[in-house]
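# Chain and residue survey
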Amino acid sequence: MFKRLAVFFVAAVAAAALIPPARAAAKTEETAAPEAFEIVSVRAYTTGQFQDVSYTDWYAMSVQIAYEFALMDGRGGGRFAPDGVMSVAEAAKVASILSSLTRTGKADFPAADPWYKPYIDYAVESGIFSAAPQQPGLAVTRAAFAEMIYRALPASCLAPVNTVADGAIPDVSLDDAYGPAVYALYRAGVFTGRDEFGRFDPHAPLRRAEAAAVLSRAASGQARVRFTLSGVYTAEQIYKLCAPSVFYLERYNSEGALIGFGSGFFISEDGMAVTNYHVIQSAASASVTTHDGRVYMITSVLGYDEDLNIAIVKVGGNGFTPLRIGSSKDLAVGETVYAIGNPLSLRGTFSSGTVTAQNVELEGQKLIQFSAPISVGSGGGPLLNSRGEVVGLTAMMIDGGQNLNLAVPADGIAEVELTEGVPLIVLLSKTAGVSFYSYLFPAPDYGVFTGTPIYSTTYDPVLGAKTFFYNIADIPVPDDIAVDGYIGLLLSLGFTETRTYTTEKGGATVYVNDAYNMELHFGVDELDGVACRFVSVY
């Protein structure tokens, strides 16, 4: 089967017909009239050719075609290794052979040491590569392979057979460097997605079975896959597509006590996420629980805008599923929207409604009014359109109204100025007023004052004293704030200095607040071999 496969090729093959290697821009039409060109198989494939490829495997026919046209070989020992990862060198070989076959009808590459040199040289000369790869043994990603195949094929081999709307591939934008290549190959039936939504998974390593499938489709119009991606989804599909990107957020005070909860969502695979500023405003630390139940800490705040009520945070982890950001400017009153969040801590709650008003002004900010039900805890979750794009951040409800809910326009996310990031407790130290230890008013919280996490705490039930230790190496501010500033705060709150004493590894000063019958010790000591500042409250 598929002993002879017809492809179209331009008789006057010109290097100018290739796109610039730096970016897969749209190819221009070939000027010469295309003519049919037959590619003849060069070797026979027999059933059982590879012991690890069964005729019932989804990729069996693709492996046969790729083998017959000498696009791919086995990996020795009678094995094809369908689950093996393709290297950059292997990808260069198959892309170069494919390019040569579709343009000249032959693929004559000499033996060399290293074996891949002729293929990489051809790939550079023909524009498949902009430059020779420095590490050809590394795994090639699906995105990189798509760009290589796109550059390898003449434009006549990329005639669309599928309807794939712009933006319909959930994890690929046309603005991505590889975006135009991926969309062209989807539309030509050469590449397909990995799930019912057409997700491409661009950064995943390419498996050899996948490479065989792509090559067989690239070489044969008969093997092209037909499908449609409209990019518009039902409510059930919206939830299935988007819910894995939304998380439950818990915020804690400096002592690790839960003080509130909310929602948020990922906008990058490596943990960049968005929530309302008010959700993290009072937090010294925070954790997120993802859709699959895993818990991660928020490691830093990358940027925030109090007026927009948007915060961009970094979650410690990777491999997350990001949402795409849309624009509220494209919304129409009456359009269906969806909310995913954690109202009253009910995880992953999904609701639908309509846009009931646009540009509702409240305290100088223009908001989206919508009817999808939300409650306390929904704040920071995404408001989605029927394409699964974030058009807003659910932010608040109007008391006394019925389904009068408001969202911050998602357009504001791009307006937030990003930094290298600061821990939540550092942000709290800069934005909060005076904070006090829980149930120990008016003892000021040293961690919040300096932006330092608690290293350890101890409690003496006999003396009724609670001690908070802070690793001196963790204190981010100089001594004029960490020491003199804190002492000044104590004095302003009615504490007076009464005495000093020597600790095992330092010293301390005792302050008393007669109005509250409170004694506070502030000094330096060592705990478990770590030099610490401490605050003991009696």
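See the structure printed just above.
Since the model is a prediction, treat every value here as computed from it, not as a measurement. (Residues numbered from 1 in each chain as written. Predicted model: local features only at pLDDT ≥ 70, side-chain atom pairs only at ≥ 80, totals over all residues. Heavy atoms only, no water.)

So, about the overall build of the chain. For the chain, the helix and strand inventory stands at twelve helices and 23 strands. Over its C-alpha atoms the chain spans a radius of gyration of 31 Å, topping by over 25% the 24 Å that the globule rule assigns to 538 residues. Principal axes of the C-alpha set define a box for the chain whose edges measure 95 × 60 × 40 Å. Relative to its 538 residues, the chain shows a buried fraction of 51%. Taken as a whole, the chain presents about 23900 Å² of accessible surface, with 52% of it coming from carbon and sulfur. Across the chain, the 35 positively charged side chains and the 55 negatively charged ones have centroids separated by 12 Å. (Helix = DSSP H or I, 4+ residues; strand = E, 2+ residues; numbered from the N terminus. Rg over C-alpha atoms; globule rule 2.2 N^0.38 Å. Buried < 20%, exposed > 50% of the residue type's maximum accessible area, 1.4 Å probe, protein only. Areas by Shrake-Rupley, 256 points an atom, 1.4 Å probe, with all protein chains shown as cover. Lys, Arg positive; Asp, Glu negative; His and termini not counted. Charge placed at Lys NZ, Arg CZ, Asp CG, Glu CD.)

Ordered by their spatial adjacency, six strands build an open sheet running β18-β19-β23-β22-β21-β20, and the pairing between neighbours is antiparallel. A strand with exactly one partner marks an edge of an open sheet, and here the two such strands are β18 (456-460) and β20 (496-503). Here the strands of the sheet are splayed against their neighbours by 20° on average, with no regard to which way each runs. Relative to strand β19 (residues 465-471), β18 is paired through five bridges, and the arrangement is antiparallel. (Pairing = 2+ DSSP bridges. Axes fitted to C-alpha atoms, helices over the stretch in contact; angles between N-to-C directions.)

Taking burial as the measure, the nine residues of helix α1 (residues 60-68) include eight buried ones, the bulk of the element. Among the residues of α1, A60, S62, V63, Q64, I65, A66, Y67 and E68 are the ones counted as buried.

This paragraph deals with the sheet that holds strand β10 (residues 310-315). Reading around the circumference, β5-β6-β7-β10-β9-β8 is the order of the six strands in this closed barrel, with antiparallel pairing throughout. With direction set aside, neighbouring strand axes in the sheet form an average angle of 40°. Pairing of strand β5 (residues 246-252) with strand β8 (residues 285-289), which is carried by five bridges, proceeds in the antiparallel orientation. Within the sheet, the bridge partner assigned to L249 lies in β8 and is V288. Sheet strands touched by helix α9 (residues 424-431): β8 and β9 (295-305). Its angle to β9, the strand with the most contacts, is close to 40°. (Contact = heavy atoms within 4.5 Å.)

This brings us to the packing of helix α2 (residues 88-104) against helix α4 (residues 142-152). For the pair α2 and α4, interaxial distance at closest approach is 9 Å and the crossing angle is 20°. One element, α2, and the other, α4, form an angle in the roughly parallel class. Seen along the crossing, α2 lies across α4 with a hand that is right-handed. Of the residues in α4, those in contact with A91, A92, V94, A95, L98, S99, T102 and R103 of α2 are F145, M148, I149, R151 and A152. When the residues that make up the contact of α2 with α4 are grouped by side-chain class, the tally is nine nonpolar, two polar and two charged. (Parallel < 35°, antiparallel > 145°, perpendicular 65-115°, else oblique. Left-handed = near helix turned anticlockwise from the far one by under 90°. Nonpolar A, V, L, I, M, F, W, Y, C, P; charged D, E, K, R; others polar.)

It is worth spelling out the pairing of β8 at this point. For β8, the buried fraction is high: four of the five residues fall into the buried class. As defined by bridge partners, β8 adjoins β9 across three bridges and the pair is classed as antiparallel. Counted as the bridge partner of T289 is V295 from β9. Counting the residues in the hairpin turn of β8 and β9 gives five residues, including G293, whose phi is positive at 90°.

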